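# Close look at the chain arrangement
Below are the chains, spelled out letter by letter.
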Amino acid sequence: FTTVVERAGLAGQFSIDSCGTGGGSGNWWQKGGFSYHEGEAADARMTEAAAKRGVKLTSRSRPLTPEDLQTFDYIVCMDQSNKRSVLSAAEGWDADGRAPGVGLKALAEGKVRMMHEYCQKFEVSEVPDPYYGGAQGFETVLDLLDDAGEGLLAHILEDRRAAA
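So, a few notes on the structure that sits alongside this text.

About the criteria used
Residue numbers here run from 1 along each chain, matching the order of that chain's written sequence. Only residues with pLDDT of at least 70 get local features here, since the model is predicted, and only at 80 or more are side-chain atom pairs given and counted; chain-wide, interface and lining totals rely on the full set of residues. Note that the side-chain values use all heavy atoms of the structure and ignore hydrogens as well as water. For Phe, Tyr and Trp, where Trp contributes only its six-membered ring, two rings pair if their centres lie within 6.5 Å, and the inter-plane angle classes them as stacked under 30 degrees, edge-to-face over 60, or tilted in between. Charges are assigned to positions over rings by a cutoff of 6 Å between ring centre and Lys NZ or Arg CZ, combined with an angular limit of 35 degrees from the ring normal. Buried residues are those whose accessible area, probed at 1.4 Å on protein chains only, stays under 20% of the maximum for their type, while exposed residues exceed 50% and partly exposed ones sit between those limits. Among buried residues, the Ala, Val, Leu, Ile, Met, Phe, Trp, Tyr and Cys ones that are joined through side-chain atoms within 4.5 Å form a nonpolar core. Secondary structure elements are defined from DSSP: runs of H or I of at least 4 residues count as helices, runs of E of at least 2 residues count as strands, and each element is numbered from the N terminus. By definition, residues are in contact when any of their heavy atoms lie within 4.5 Å. Fitted lines through C-alpha atoms serve as axes, helices being fitted only where they are in contact, and the angles separating the N-to-C directions of these axes extend from 0 to 180 degrees. Throughout this description, any angle smaller than 35 degrees is read as roughly parallel, any larger than 145 degrees as roughly antiparallel, any in the 65 to 115 degree range as roughly perpendicular, and the remainder as oblique. With the far helix as reference, a near helix turned anticlockwise by less than a right angle produces a left-handed crossing, and one turned clockwise produces a right-handed crossing. Gly falls in the polar group here, along with every residue not listed as nonpolar (Ala, Val, Leu, Ile, Met, Phe, Trp, Tyr, Cys, Pro) or charged (Asp, Glu, Lys, Arg). The salt bridge criterion pairs a side-chain nitrogen of Lys or Arg with a carboxyl oxygen of Asp or Glu, the two atoms within 4 Å. A 3.5 Å cut-off defines polar contacts: any pair of N or O atoms within that distance qualifies, except that in protein one atom must be a possible hydrogen donor and the other a possible acceptor, and neighbouring residues in sequence count only when both atoms are side-chain atoms. Take the residue count of a helix, subtract one, and multiply by 1.5 Å to get its expected span. Throughout, the arc means the angular range of directions from the helix axis out to the C-beta atoms.

This brings us to the packing of aromatic side chains. One pair of aromatic rings is described through two measures. These are the centre distance and the angle between the planes. Applying the stated rule across the entire model yields four aromatic pairs. Centre to centre, the rings of tyrosine 131 and tyrosine 132 are 4.8 Å apart; their planes meet at 85°, and the pair counts as edge-to-face. Against the face of tyrosine 131 rests arginine 45, its NZ or CZ located 4.9 Å from the ring centre. Taking NZ or CZ as reference, arginine 160 lies 4.3 Å from the ring centre of phenylalanine 14, over its face.

What follows is the structure, given as structure tokens:
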């Protein structure tokens, strides 16, 4: 999405970040929990495929936090498993009192979106995990993310116009 925003000349108008939902670890959101891949760079195959398109991946893996739900206007998930994990974590954080008086579950429910819903060229039910799809899996995901990123940007800009 960062690349889409930069191409549109709007980089200074957005705060964009990336995070995960534990990579398969069920306790990633709990105090003392473990998030697979935390601190790691993107998969080398994704980095290579992205570089061929002029996209430089620089972020390091980190888990979603309660602060993310309070900071960002959109929490964009790639698949239903991610969405369930985000909502479950928010509910757990509420139960643990991680953000007293905020209502993280309700906040998450209002902010969670599915990336594939912004696709304009492709009709898919999710953005798949490319890990097991070979080199073409990464190319496919990059195609979907570019398409959906364009749609997401258009959606956000329309929301901003409507609110002005």
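So, on to unusual backbone geometry. In the Ramachandran plot, histidine 37 falls in the positive-phi region, its phi being about 70° despite a non-glycine side chain. A relative accessible area of 47% places histidine 37 in the partly exposed class.

Judged by nonpolar contacts, the single largest core of 20 residues is most densely connected at Phe14 and Leu153. Sorting the residues of this core by element identifies α1 (2-7), α2 (44-52) and α6 (134-163) as the ones contributing at least two each. By residue number, the principal contributor to this core is α6, which donates eight residues. Once residues lying within four places of it in the same chain are set aside, the contact partners of leucine 153 are Phe1, Val4, Val5, Ala8, Leu10 and Phe14.

Here we come to the packing of helix α4 (residues 80-95) against helix α5 (residues 104-111). Where α4 meets α5, the closest approach of the two axes is 7 Å, and the angle between their N-to-C directions is 160°. Put simply, α4 runs roughly antiparallel to α5. Pair α4 / α5 crosses with right-handed handedness. Taken together, the residues of α5 that come into contact with α4 (itself represented by Val86, Leu87, Ala90, Glu91, Trp93 and Asp94) are Leu104, Lys105, Ala108 and Glu109. Here the residues of the contact of α4 with α5 are counted per class, giving six nonpolar, no polar and four charged.

Before going further, it helps to examine the pattern of salt bridges. In this structure the tally under the stated criterion is eleven salt bridges. Among the salt bridges present, the one from arginine 53 reaches glutamate 139, with a minimum N-O distance of 2.8 Å. Of this pair, arginine 53 sits in the loop between α2 and α3 (66-71) while glutamate 139 sits in helix α6; the two residues are 86 residues apart in sequence, bridging distant segments of the chain. Aspartate 68 is the partner of arginine 62 in a salt bridge, and the nearest nitrogen-oxygen pair spans 2.8 Å. Through salt bridges with shared partners, one network takes in Arg7, Asp146 and Glu150.

Residue placement: threonine 21 occurs in the loop between α1 and α2. Taking relative accessible area as the criterion, threonine 21 reaches 16% and is therefore assigned buried. A distance of 3.2 Å separates the side chain of threonine 21 from the side chain of asparagine 82, its partner in a polar contact. In this structure, threonine 21 is in contact with Trp28, Asn82, Ser85 and Val86, ignoring residues within four places of it in sequence.

Our next topic: the environment of methionine 46. By secondary structure assignment, the location of methionine 46 is in helix α2. Expressed as a C-alpha distance, the spacing of methionine 46 and proline 130, which sit 84 residues apart in the sequence, is 8.4 Å. Sequence-distant contacts of methionine 46, that is, excluding residues within four places in its chain, are made with Leu57, Pro130, Phe138, Val141 and Leu142.

As a further point, take α6. Structurally, the α-helix is built with 3.6 residues per turn, so residues lying three or four positions apart point the same way. For α6, which comprises 30 residues, the first-to-last C-alpha distance of 43 Å matches the rise-based estimate of 44 Å (1.5 Å per residue) to within 8%. Here α6 has its buried residues at Gly137, Phe138, Val141, Leu142, Leu144, Asp147, Ala148, Gly149, Gly151, Leu152, Leu153 and Ile156. The inward-facing, buried residues of α6 contact α1, α2 and β1 (75-77).

This part covers α2. Turning to α2, its buried residues number three or more, namely Met46, Ala49 and Ala50. Summarising the axial view, the buried residues of α2 lie within an arc of 100°, below the 170-degree limit, and thus occupy one face. Turned more than 90 degrees from where α2 packs its buried face, Ala44 and Lys52 sit exposed. Looking at the buried residues of α2, the elements they touch are α6. Glycine 54, located one to two residues past α2, shows a positive phi value of around 80°.

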